[in-house]
Amino acid sequence: MKNMTLKNIAEACGGRLFGGEEELEIAGAVTDSRLVEKDFLFFAIRGERVDGHRFIPQVMEEGAACAVCEEAPETEEGRTAGPYILVEDVKKAMQDIAAFYRSGLSIPVIGITGSVGKTSTKEFIAGVLEKRFRVLKTQGNFNNEIGVPLTLFRIREEHEAAVVEMGINHFGEMHRLSRMAAPDIVVMTNIGDCHLEALGSREGILKAKSEIFDFMKEDGTVIINGDDDMLSTIEEVRGIIPVTFGKMKNNTCYATDIHSKGLFGTEAEIHMPSRSFHVNIPLPGEHMVYNALAAASVGVALGLSPEEISAGIAAVKPTEGRSNLIRCGDRVIIDDCYNANPVSMCAALDLLSQADTRKVAVLGDMFELGENTEKLHGDVGRHAAECRIDVIICVGEISAEMAKEAQAANEGGSEVCYYPGKEALLRELGRLVMPGDTILVKASHGMGFAEIVEILNQNII
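Rules of the game
Along each chain, residue indices are assigned from 1 in the same order as the chain's sequence is written. Given that the model is predicted, a residue must reach a pLDDT of at least 70 before its local features are reported, and side-chain atom pairs must reach 80 or more before they are shown or counted; all residues, however, enter totals for whole chains, interfaces and linings. Excluding hydrogens and water, the side-chain values take into account all heavy atoms of the structure. Every helix listed is a DSSP run of H or I at least four residues long, and every strand listed is a run of E at least two residues long, numbered separately from the N terminus. In this scheme, a residue with accessible area under 20% of its type's maximum is buried, one over 50% is exposed, and one in between is partly exposed, where area comes from a 1.4 Å probe on protein chains only. Two residues form a contact once any of their heavy atoms are found within 4.5 Å. Working definition of a nonpolar core: buried Ala, Val, Leu, Ile, Met, Phe, Trp, Tyr and Cys residues. They are joined through side-chain atoms within 4.5 Å. With a 1 Å grid spanning the protein atoms alone, the term cavity applies to any set of points in which a 1.4 Å probe fits but cannot get out, the term pocket to an open set with protein on both sides within 12 Å along at least five of seven lines, and the term lining residue to any residue with an atom within 4 Å of a point. Grid points are joined across faces, edges and corners, and a volume is the space filled by probe spheres set on the points. A pair of strands is labelled paired if DSSP reports no fewer than 2 bridges between them. A fitted line through C-alpha atoms serves as each axis, taken over the contacting stretch for helices, and the angle formed by two N-to-C directions is quoted from 0 to 180°. A 3.5 Å cut-off defines polar contacts: any pair of N or O atoms within that distance qualifies, except that in protein one atom must be a possible hydrogen donor and the other a possible acceptor, and neighbouring residues in sequence count only when both atoms are side-chain atoms. Geometric relationships in this document are graded by angle, where less than 35 degrees denotes roughly parallel, more than 145 denotes roughly antiparallel, 65 to 115 denotes roughly perpendicular, and other angles denote oblique. Each crossing gets its hand from how the near helix is turned against the far one by less than a right angle, where anticlockwise is left-handed and clockwise is right-handed. Classification convention: Asp, Glu, Lys, Arg as charged; Ala, Val, Leu, Ile, Met, Phe, Trp, Tyr, Cys, Pro as nonpolar; all other residues, Gly among them, as polar. The term salt bridge refers to a side-chain nitrogen of Lys or Arg lying within 4 Å of a carboxyl oxygen of Asp or Glu. Stacked, edge-to-face and tilted labels apply to pairs of Phe, Tyr and Trp rings (six-membered ring for Trp) whose centres lie within 6.5 Å, assigned for plane angles under 30 degrees, over 60, and everything in between, in that order.

A.B. asks: What exactly am I supposed to notice about the environment of alanine 93 here?
C.D. replies: On the secondary structure map, alanine 93 appears in helix H3 (residues 90-103). A residue is classified by how much of its surface remains accessible, and alanine 93, at 1% relative accessible area, is buried. Along the backbone, alanine 93 and glutamate 158 are 65 residues apart, and their C-alpha atoms lie at a distance of 26 Å. Among residues more than four places away in sequence, those in contact with alanine 93 are Cys13, Val68 and Val87.

The structure is reproduced here in C-alpha cells:
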C-alpha cells in the first residue's frame, strides 16, 4: 500500500511505534484477526462482545506487520507481542490512518448516501464504471465508521475508481466519513423516514447527510435526486451546481417511456443534455429507475459513452437480501430482508403487487423510527391493503399497528395475520403459503428474517 510505512502510519494517527521496521510498507489492514495475512496491519478494536487486543499474539504468529492498540500487548508467557503502535483510541486512529491513505490516492472516489437505495445505487454505479475502469466498491454493509476505512484500505494501485457507500444514524458521523473518503463525486439518493430516533425529522436527516459535502473535493461533482422534495432544496454546494436526476423533465438526467416488466425489471429511455439512449434495468421495481439514472449521471461525469452506460446498467445483479428474486419450484421469493424503513417497505409492496400470482407479504418491525414509529408502521399496513396483497402477515411487537391499519383499510379481501414474533409465525407459515405464490419477505435486519427466506427457499414447509 503506497506510502503506508509503519513510520507514516504512526505519524498519521499520533501513535507511538514500538518495534518493527519503520520503513516496512504494509500489505493490507483489517479488524478481523481471521483475515490477517503477511505484513497486514491489525486494528485491535474493543467491541461489545470481543476485545481485539486478545488476538494480537495470534495475528503476530500469522505474520502481521504491526498492531494498532490501546495498551501494550502481552503473550500468555508475559512477553510483549509486537510490533505495535500505541494510541488512545483505536477507532479514531483507524479513521486518521484511512484519511492519510486516501490523501495519497489519485483515483476518483464516488461517495453514496441517502435514506433508501444506497446499496442498489452502488451496484448500478459500479456496474457502469466497470465498463471502462477497474473499480473497487463497498462490500456488504461496510458503510459505517469502521466499514468505510476498511473499504478505503482495500484500494490498490490497479484500481482506477472507488465506489464507497456511506451510511449514518447520528449527527457528526457523516462528517467523519467524509473526512476519510474525501469524495470527488457525491451521490444522494433520497431523504426518507429512517433513523428518526436520533435525527428527529427529515430536515434533520438532510442536515446530517449533507455533512458528506464537508470534505468533498473543491472541484467535485454533486449528483442528487431532483424528484426528492428535500434534496431539491439543494441549489448549490460551495459554488457547485448539482446535477439532478429523476423522472421529471426538469432534471439534468431524466427518464421517459418507462415500461415495467413486472418482477423482471424495467425498460426506459434515459435523456442526458447531449443525447438519449435506451436502457434495460434488470432488477425489479420501478424505483430501480432512479438507481439507473444516478449511475448514468456518474458515468457521464466520468466520460463514459451511452453505450457503456447502457451495457453497465443491463449487467447489474441483485445482492442478497435486497430485492433478490429467488425461484423455488413454482414459487418466487422476493428476498428484501436486509433492512427496512417506510419508503422501502412501500416500494417493495408496489413491486409485489405486480406479480400475476397469489401475493403474500411477510412484513416485520422497522427500527429507529422515533416517536412516530406506530404511525409509520400503520401507514405501511394501509399501503399493503391498498396494493391488494392477498395475504398480509405482520410480525413483531410494533407491527401490531401495521396489522391493525391493514385490516382497517382492507377493501380487497386481503387476509391479514399478526404474530408477535418470528417463532410464532414459523409454526403457522406452512398454512399461510401455497404452491405458486409470490412471497415478499421484508423487515429491519435485527428481525432475523433471513431465516424465513431460507426456510421458504428450502421448501420445507
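A.B. asks: Is there a simple way to explain the nonpolar core in this structure?
C.D. replies: Buried together is how nonpolar side chains tend to be arranged in soluble globular proteins. In terms of nonpolar packing, the biggest core is built from 83 residues, with Ile26, Phe43, Phe153, Phe213, Leu349 and Leu363 touching the most fellow members. Element by element, the count of residues in this core is highest for H3, at six residues. With sequence-adjacent residues up to four places away left out, phenylalanine 43 is seen in contact with Ala29, Val30, Thr31, Val68, Val90, Met94, Ile97 and Phe153.

A.B. asks: Help me understand the layout of surface pockets in this model?
C.D. replies: Within this model, the second largest pocket holds a volume of roughly 1200 Å³. Surrounding the second largest pocket, 35 residues form its lining, Thr31, Asp32, Ile45, Ile146 and Leu150 being those nearest its centre. Those elements that place two or more of their residues in the lining of the second largest pocket are strand E2 (28-30), strand E3 (40-43), H3 and helix H5 (147-153). Sorting elements by how many residues they give to the lining of the second largest pocket places H5 first, with four residues.

A.B. asks: Where do I start with the sheet that holds strand E18 (residues 391-395) in this structure?
C.D. replies: Pairing between the strands of a sheet is mediated by backbone hydrogen bonds and can be parallel or antiparallel. In spatial order, the strands read E15-E16-E20-E17-E18-E19; together these six strands make up an open sheet with mixed pairing. Only two strands of the sheet have a single neighbouring strand rather than two, namely strand E15 (324-328) and strand E19 (415-419). On average, each strand axis in the sheet is tilted by 15° relative to the strand beside it, whichever way the strands run. Where strand E16 (residues 331-335) and strand E20 (residues 438-442) come together, four bridges link them in parallel fashion. From the neighbouring strand, valine 332 faces E20, where its bridge partner is threonine 438. Along the sheet face, helix H13 (residues 399-408) touches strand E17 (359-364), E18 and E19 and points at about 165° away from the line of E19.

A.B. asks: What is the right way to look at the side chain of aspartate 437 in this model?
C.D. replies: The residue aspartate 437 is located in the loop between helix H14 (422-432) and E20 in this model. In this structure aspartate 437 comes out as buried when scored by relative accessible area, which is 1%. Within the structure, the side chain of aspartate 437 is placed 2.7 Å from the side chain of arginine 358, a separation counted as a polar contact. Setting aside residues no more than four positions away along its own chain, aspartate 437 makes contact with Asp330, Arg331, Val332, Thr357, Arg358, Val360 and Leu432.

A.B. asks: Explain the packing of helix H12 (residues 373-386) against H13 to me, please; I cannot follow it from the model alone.
C.D. replies: Between two packed helices, what matters for the description is the angle formed by their axes and the separation of those axes. The geometry of H12 relative to H13 is characterised by a closest axis approach of 7 Å and an angle of 40° between their N-to-C directions. The orientation of H12 relative to H13 falls into the category oblique. The two elements H12 and H13 meet at a crossing, and its hand is right-handed. Across from Glu374, His377, Gly378, Val380, Gly381, Arg382 and Ala385 in H12, the residues of H13 making contact are Ser399, Glu401, Met402, Glu405 and Ala406. Its residues placed into classes, the contact of H12 with H13 shows four nonpolar, four polar and four charged.

A.B. asks: Looking at this structure, how should I read the pattern of salt bridges?
C.D. replies: Where charged atoms from two side chains of opposite charge come close, those side chains can pair. The tally for this structure, following the rule as stated, stands at 28 salt bridges. Two residues, aspartate 379 and arginine 382, come together in a salt bridge whose shortest N-O distance is 2.1 Å. Linking aspartate 379 with arginine 382, this pair stays in helix H12, spanning three residues, or about one helical turn. One continuous salt-bridge network, built from bridges that share partners, spans Arg46, Asp51, Glu70 and Glu71.

A.B. asks: For this particular structure, what's the right way to read the packing of aromatic side chains?
C.D. replies: The geometry of two aromatic rings is summed up by the distance between their centres and the angle between their planes. All told, the structure shown has three aromatic pairs when counted by the stated rule. An angle of 15° between the planes, with centres 5.8 Å apart, marks the rings of phenylalanine 43 and phenylalanine 153 as stacked. Of this pair, phenylalanine 43 sits in strand E3 while phenylalanine 153 sits in helix H5; the two residues are 110 residues apart in sequence, bridging distant segments of the chain. The same class applies to phenylalanine 43 and to phenylalanine 153, which are both buried. Judged by its relative accessible area of 1%, phenylalanine 153 is buried. Ring pairs connect the aromatic residues Phe43, Tyr101 and Phe153, which therefore count as one cluster.

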